[in-house]
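Observations on the model geometry
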Amino acid sequence: MKSVVKLDIDVDRPELAKLIADPKSSPKWMDDVRRVETLSGRLGATGSRYILVPKQGGTPFVATVVSRDLPSRLRLSLDAPRVTVAVNMQLIKL
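Residues numbered from 1 in each chain as written. Predicted model: local features only at pLDDT ≥ 70, side-chain atom pairs only at ≥ 80, totals over all residues. Heavy atoms only, no water.

1. Examining the layout of surface pockets
Taken as a whole, the largest pocket spans an internal volume of roughly 1,900 Å³. Along the walls of the largest pocket sit 48 residues, with Val5, Leu7, Trp29, Val87 and Met89 positioned nearest its centre. For the lining of the largest pocket, the secondary structure elements donating two or more residues are α1 (13-21), α2 (26-29), β2 (49-54), β3 (61-69), β4 (73-80) and β5 (83-90). In terms of residues, the lining of the largest pocket owes the most to one element, β5, which gives eight residues. (1 Å grid on protein atoms, 1.4 Å probe; cavity = no way out; pocket = protein on both sides within 12 Å on 5 of 7 lines; lining within 4 Å. Points joined across faces, edges and corners; volume = space filled by probe spheres on them. Helix = DSSP H or I, 4+ residues; strand = E, 2+ residues; numbered from the N terminus.)

Right, here's the structure in full:
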């Protein structure tokens, strides 16, 4: 299955990349995430792993930063017991 999410955000691309690439800011823009817990590596660096702790009753995901090419790209892998999600973010200036 493939899903594509497109958003127009009125902010400079470097600033947006900085916010999206910082896992600690995830609860600010991911409605179902309560907090982030570091598992390994420097949080947000390539190869680092962290848990996206959900709000009430959700499934926790282990996120792995696959690659960073900021301010244009960020790739993550999100793993839960019965699902794996590949996230490929592409930040394009309009």
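2. Let's talk about the pattern of salt bridges
One pass over the structure, following the stated rule, counts one salt bridge. Salt-bridge contacts for arginine 35 lead to glutamate 37; the nearest nitrogen and oxygen are separated by 2.8 Å. Taking relative accessible area as the criterion, glutamate 37 reaches 31% and is therefore assigned partly exposed. (Salt bridge = Lys/Arg side-chain N within 4 Å of Asp/Glu carboxyl O. Buried < 20%, exposed > 50% of the residue type's maximum accessible area, 1.4 Å probe, protein only.)

3. Overview of the environment of glutamine 56
Locating glutamine 56 in the fold gives a position in the loop between β2 and β3. Overall, the relative accessible area of 76% leaves glutamine 56 in the exposed class. Considering only alpha carbons, one finds glutamine 56 and leucine 78, 22 residues apart in sequence, at a separation of 19 Å.

4. A short note on the pairing of β5
Pairing analysis gives eight bridges linking β4 to β5, with the strands arranged antiparallel. Opposite leucine 78, over in β5, you have valine 85 as the bridge partner. Hairpin remark: β4 followed by β5, antiparallel, with two residues in the connecting loop. (Pairing = 2+ DSSP bridges.)

5. What to know about the pairing of β4
Two strands pair when backbone bridges link them, and β3 and β4 are joined in this way by seven bridges, in the antiparallel orientation. The residue bridging arginine 68 from the neighbouring strand is leucine 74, located in β4. Turn length for the β3-β4 hairpin, with the two strands adjacent in sequence and antiparallel, is three residues.

6. Here's the deal with a nonpolar patch on the surface
A cluster of nonpolar side chains, namely Val5, Leu7, Ile9 and Val11, defines an oily patch on the protein surface of about 400 Å² accessible area. On the basis of relative accessible area, leucine 7 is assigned to the exposed category, the value being 65%. (Patch = residues over 30% accessible without salt bridge, like charges linked within 9 Å, V, L, I, M, F, W, Y side chains within 5 Å. Areas by Shrake-Rupley, 256 points an atom, 1.4 Å probe, with all protein chains shown as cover.)

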